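Examination of the molecular architecture
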Amino acid sequence: MEIANLPIPPSQRAKLLAAGYTTFSSLSSISPSQLSRGAQTAWDMLSEEQMQKHITTGCEDLDAILGGGIHCKEVTEVGGVPGIGKTQFGIQLAINVQIPVAYGGHGGKAVYIDTEGSFMVERAYQIAEGCVSDILDSFTDHNRDFSACQDKLQPNSFLANIFYFRVCSYTEQIAVINYLENFLTEQKDVKIIIIDSVTFHFRQDFDDLALRTRVLGGMSLKLMKLAKTHNLAVVLLNQVTTKFTEGSFQLTLALGDSWSHSCTNRVILYWNGNDRYAYIDKSPSLPSASAPFSVTGKGIRNATSHCKRVRMM
Amino acid sequence: MANKLICQMGLPSSMAKIFAARNITTAKALALMEDRVRSGGHLPTSLRGLDEALCGGIPVGALTELVGPSGIGKTQFCLKLSLLATLPACYGGLNGRVIYIDTESKFSSRRMIEIGENSFPQIFQSEGLAQKMAGRIIVIRPTSLSDFTQSLQQMKLTLLQNEVKLIIVDSMAALISGDIERSTTGPRQHPLRWPLSFLKSIAEFSQIPVVVTNQVRSQSNDESLRYPFQGQTNDTCENTVRLESHLIAALGIQWAHGVNIRLVFEAHSGHRFIKVAKSPLSRAVAFPFIVESSGISLLSDEGTDVSGPEISRIHCQGHNIFAQ
């Protein structure tokens, strides 16, 4: 029986035809959730989430408070004062996402959008070397044959899998994000998008702040859509500013209150004494906690010596 | 696919033009590395320890800031850098012109020739060469912020007409009279935000190093800034009398985010130090230095590591210009 002849309202008929169902038999095996095209039950989402691998940050304490690492399909904002290590964090993630599947990683590629010029390729090479040497160290005693993967473990091939965009104004930033929709349908291996930093051009070029809020809102919606459709992680590095609250100046992430709602997760990197700490400021599923980390020649690693305790706030 | 230039893809022409104008290509990071190695993406400073810490020297395409108290040696460093940029490549230079924007009238050609004669005697002995090198340095003296902005706008033309290989702004902070206003309501517009992004885009576009200098100001007590989740400072002994003057860089935190590399010049324990306070390439290290007839030279190429709040703190203790 043809769908076109069914006694149903014309709008429903048009929707079924548009979705490609022309005969009654094609409908017989479809469940309601599949027909509704996009809505999922919470149970399906749970099973999906449990199968998700997280992107390791290189520091075990940090991975622990993040629930395994940076989540795919979510937008994570990372902010901190200048010099705390945000760019290092971004480059480390761009390298760690490429760890081959055989070694427990994603084996994916990275998109790095640089708005400030802080991506120094020599440093990325150092971090890639550090990652490779750590992988080889921890897998030397296995008997399995890793020789095929070991060819991929060259720092140069890690660099070759980072797609680097340098943008010099906010219009270029938005243009690149729009362009990514096409780019990602062709490059299916990209597993992480890092924007370093999302703030810079939005603090420099805007006089009309209401416009800025609208543009930022549109941008964050696009990024969330990219994260969900292509199953990748989006990491946005943000700057800090001072805000006058409760009678004194305090530090807070830049771009304002409306922007602070746009990201799914927020991690703040800060100094505690002489050590670098990361604090989970906002997350739908993780408790607030902070963990120490350090920036070494090889990249982001566990904090050295005394401060090993993860502090629950 | 990633090797295709964006302008060859079927993009709307308006977008393609923007990309082409800014040289955005889907460059893989490996291609960047190869470019960098080929074109030597650094200006060596002739200070071996510092060059090693910065993986070759002052990087091109990025903004480097020198900050420190007055009289410590920032201008001397700038003079040496401008000289190095004019030298031919066989002496480690960039063989190009230099634009020196001097806002405090501190540029001294005599001192620069003196530095040249003492560091590279073999070049400067021959008469014509000293004139040729000095002739490659273009000095601009803006008297106000609007003057400065105007000379920046005209600079693009100069960059295209001449082979400019280095831009130095000495100093940025002199253009801003008074402190960056701290208002209690609403966001503030930083007066230098346009020059900041313009200098960075010039650095990127022309692939040259850009060096700016900054001043210091004293740190008031309410500036031990913390995040709301950190709570109050529970360490009361921090607030007791500080024996030395605590200084921080001027121009605010938005400026501090914008620069790529920050070199802090400071003085304590009877010596002067150059500290790499912010750099994507290296950890925070400090090198002791002195200022002599051939410019700045390091007393030791092994830097001492610095961590924590010490990195951003600027010391000005025991720095007496009469006690040289």
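Note that the coordinates shown come from a computational prediction; the quantities given were computed from them, not determined experimentally. (Residues numbered from 1 in each chain as written. Chains lettered and ligands numbered in written order. Predicted model: local features only at pLDDT ≥ 70, side-chain atom pairs only at ≥ 80, totals over all residues. Heavy atoms only, no water.)

**Looking at the overall build of chain B**
Selection rule: Counting from the N terminus, the helices are DSSP H or I runs at least four residues long and the strands are E runs at least two residues long. Throughout this description, buried means an accessible area under 20% of the type-specific maximum (1.4 Å probe, protein chains only), exposed means over 50%, and partly exposed covers the range between. A contact between two residues is defined here by any heavy atoms of the two lying within 4.5 Å. Accessible surface is estimated by sampling points in the Shrake-Rupley manner with a 1.4 Å probe; for residues, cover comes only from the protein chains shown.
Looking only at helices and strands, one finds 10 helices and 16 strands in chain B. For chain B, with 324 residues in total, the buried portion stands at 50%. Taking all contacts inside chain B whose residues are at least 6 apart in sequence as the whole, residues at least 24 apart take part in 70%. Accessible surface for chain B amounts to roughly 14,800 Å². Of this, 50% is attributable to carbon and sulfur atoms.

**Describing the overall build of chain A**
For chain A, the helix and strand inventory stands at 13 helices and 12 strands. Residues counted as buried form 51% of the 313 residues belonging to chain A. Across chain A, contacts joining residues at least 24 apart in sequence account for 65% of those joining residues at least 6 apart. For chain A, the exposed surface amounts to about 13,800 Å²; the carbon and sulfur share of it is 53%.

**So, the side chain of B:Ser171**
For the record, the criterion: Here a polar contact is recorded for every N or O atom pair within 3.5 Å, except that within protein the pair must consist of a potential hydrogen donor and a potential acceptor, and residues adjacent in sequence are included only if both atoms are side-chain atoms.
Along the polypeptide, B:Ser171 turns up in the loop between strand S7 (164–170) and helix H9 (193–206). One polar contact links the side chain of B:Ser171 to the main-chain amide nitrogen of B:Ala174, over a distance of 3.5 Å.

**A short note on the sheet that holds strand S10 (residues 246–249) of chain B**
Residues and elements named next belong to chain B. Put simply, the rule reads: One bridge is not enough; two strands pair if DSSP finds at least two bridges between them.
Taken in spatial order, the three strands line up as S9-S10-S16 in an open sheet, and their pairing is antiparallel. In the strand order of this sheet, the two ends are held by strand S9 (216–218) and strand S16 (314–315), each with one partner. Pairing between S9 and S10: three bridges, direction antiparallel. Each bridged residue has a counterpart across the sheet, and for arginine 217 the counterpart in S10 is isoleucine 248.

**Quick notes on the confidence of the model for chain B**
Residue and element names in this part refer to chain B. Which entries qualify depends on this criterion: Confidence of the predictor at the level of single residues is given by pLDDT, which spans 0 to 100.
Taken residue by residue, chain B gives an average pLDDT of 78. The fraction at 70 or more is 77%. Low pLDDT (under 50) marks residues 1–16, which in the prediction has 26 contacts with non-local residues, meaning those over four places away or in another chain. Segment residues 235–243 is flagged for pLDDT under 50; beyond a separation of four residues in sequence, or across chains, it makes three contacts in the model. Predicted complex, confidence summary: ipTM 0.80, pTM 0.83.

**Observations concerning the packing of aromatic side chains**
To keep it simple, the criterion reads: Centre distance within 6.5 Å is the pairing criterion for rings of Phe, Tyr and Trp, where only the six-membered ring of Trp is used; planes under 30 degrees apart are then read as stacked, over 60 as edge-to-face, and the remainder as tilted. Should the NZ of a Lys or the CZ of an Arg lie within 6 Å of a ring centre and within 35 degrees of the ring normal, that charge is described as sitting over the ring.
For the structure on display, the rule yields 17 aromatic pairs over all chains. Through a chain of ring-to-ring contacts, the aromatic side chains of A:Tyr270, A:Tyr277, A:Tyr279, B:Tyr227 and B:Phe229 assemble into a single cluster. When the ring centre of A:Phe200 is taken as reference, the NZ or CZ atom of B:Lys200 above it lies at 4.4 Å.

**Some thoughts on the pairing of strand S6 (residues 240–245) of chain A**
Residues and elements named next belong to chain A. The pairing of S6 with strand S7 (residues 248–253) spans six bridges and is classified as antiparallel. In the strand pairing of S7, threonine 241 is matched with threonine 252. In textbook terms, the turn of a hairpin is the stretch between consecutive antiparallel strands, and for S6 and S7 this stretch comprises two residues, one of which, glutamate 246, has a positive phi near 50 degrees.

**Quick look at unusual backbone geometry**
In this chain, A:Asp196 is followed by A:Ser197 through a cis amide linkage whose omega measures -10 degrees. On the secondary structure map, A:Ser197 appears in the loop between strand S4 (190–196) and helix H11 (200–204). Going from B:Asp170 to B:Ser171, the amide bond is cis rather than trans, its omega being -5 degrees. Phi angles above zero are rare outside glycine, and B:Ser46 is one such case at about 70 degrees.

**Overview of the packing of helix H10 (residues 170–186) of chain A against helix H12 (residues 209–230) of chain A**
All names here are of chain A. This is how it is decided: Lines are fitted to the C-alpha atoms to define the axes, a helix being fitted only along its stretch in contact, and any angle between axes, read from their N-to-C directions, falls within 0 to 180 degrees. What sets the label is the angle itself: under 35 degrees gives roughly parallel, over 145 gives roughly antiparallel, 65 to 115 gives roughly perpendicular, and the rest give oblique. Crossing handedness is read from the near helix: turned anticlockwise from the far helix by less than a right angle, it gives a left-handed crossing, and turned clockwise, a right-handed one. Put simply, Ala, Val, Leu, Ile, Met, Phe, Trp, Tyr, Cys and Pro go in the nonpolar bin, Asp, Glu, Lys and Arg in the charged bin, and everything else, Gly too, in the polar bin.
Orientation of H10 relative to H12, taken along the N-to-C sense of each, is 15 degrees, at an axis distance of 11 Å. Judged on the interaxial angle alone, H12 and H10 are roughly parallel. Between H10 and H12 lies a crossing of left-handed hand. Contact residues: H10 offers Gln173, Ile174, Ile177, Asn178, Leu180, Glu181, Leu184 and Thr185, while H12 offers Val215, Met219, Lys222, Leu223, Leu226 and His230. Tallied by class, the residues present in the contact of H10 with H12 amount to eight nonpolar, four polar and two charged.

**Here's the deal with the pairing of strand S9 (residues 275–282) of chain A**
Residues and elements named next belong to chain A. As defined by bridge partners, strand S8 (residues 265–272) adjoins S9 across seven bridges and the pair is classed as antiparallel. Paired with tyrosine 270 across the two strands is tyrosine 277, which belongs to S9. Between S8 and S9, which pair antiparallel in sequence order, lie two residues; one of them, glycine 273, sits at a positive phi of approximately 70 degrees. Across four bridges, the pairing between S9 and strand S10 (residues 289–296) is antiparallel. Each residue of the ladder has a partner; that of alanine 278, found in S10, is alanine 291. Taking the residues between adjacent antiparallel strands as the criterion, S9 and S10 are bridged by six residues.

**Description of helix H4 (residues 74–86) of chain B**
Quick note on the threshold: A helix's residues, less one, multiplied by 1.5 Å, set its expected span.
The end-to-end C-alpha separation of H4(B) is 19 Å, in line with the 18 Å expected for 13 residues at 1.5 Å each. Taken across its 13 residues, H4(B) has 13 buried, putting it largely inside the fold.

**A few points about empty space enclosed by the protein**
Note the cut-off: Points on a 1 Å grid over protein atoms alone make up a cavity when a 1.4 Å probe fits among them but cannot get out, and a pocket when they form an open set with protein on both sides within 12 Å along at least five of seven lines; lining residues each have an atom within 4 Å of a point. Grid points are joined across faces, edges and corners, and a volume is the space filled by probe spheres set on the points.
One pass over the structure, following the stated rule, counts one cavity of 30 Å³ or more. Together, A:Thr115, A:Arg166, A:Cys168, A:Phe200, A:His201, B:Ser197, B:Lys200 and B:Ser201 line the largest cavity. Counting only elements with at least two residues in the lining of the largest cavity, the list comes to H11 of chain A together with H9 of chain B. The greatest single-element share of the lining of the largest cavity, amounting to three residues, is contributed by H9(B).

**Details of the pattern of salt bridges**
The condition that has to hold: A pairing counts as a salt bridge when a side-chain nitrogen of Lys or Arg comes within 4 Å of a carboxyl oxygen of Asp or Glu.
Under the counting rule described, the total for this entry stands at 17 salt bridges over all chains. Between B:Glu204 and A:Arg166 there is a salt bridge; the shortest N-O distance is 2.9 Å. In this pair, B:Glu204 is assigned in helix H9 and A:Arg166 in strand S3 (residues 162–166), connecting two distinct chains. Judged by relative accessible area, which is 22%, B:Glu204 ranks as partly exposed. Residue B:Asp305 is joined to B:Arg283 by a salt bridge in which the shortest nitrogen-to-oxygen separation is 2.8 Å. With B:Asp305 in strand S15 (residues 304–305) and B:Arg283 in the loop between strand S12 (271–278) and strand S13 (285–292), this pair connects stretches of sequence that are 22 residues apart. What makes B:Arg283 exposed here is its relative accessible area of 54%.

**Comments concerning the state of the cysteines**
Heads up, the rule is: Only a pair of cysteine sulfur atoms within 2.5 Å counts as a disulfide in this structure description.
Counting across every chain of the model gives zero disulfides over all chains. This cysteine, A:Cys72, is not joined by any disulfide, and A:Cys263 carries the nearest cysteine sulfur, 16 Å off. B:Cys55 carries a free sulfur, and the closest cysteine sulfur to it, the one in A:Cys131, is 18 Å from it.

**Quick notes on the packing of helix H8 (residues 145–161) of chain B against H9(B)**
Residues and elements named next belong to chain B. Between H8 and H9, the least distance of the axes is 11 Å, while the angle of their chain directions is 10 degrees. Comparing their axes, H9 and H8 come out roughly parallel. Contacts between H8 and H9 involve Phe148, Thr149, Leu152, Gln153, Met155, Lys156 and Leu159 on the former and, on the latter, Trp194, Pro195, Phe198, Leu199, Ile202 and Ser206. Each residue belonging to the contact of H8 with H9 can be placed in one class, and the counts come to nine nonpolar, three polar and one charged.

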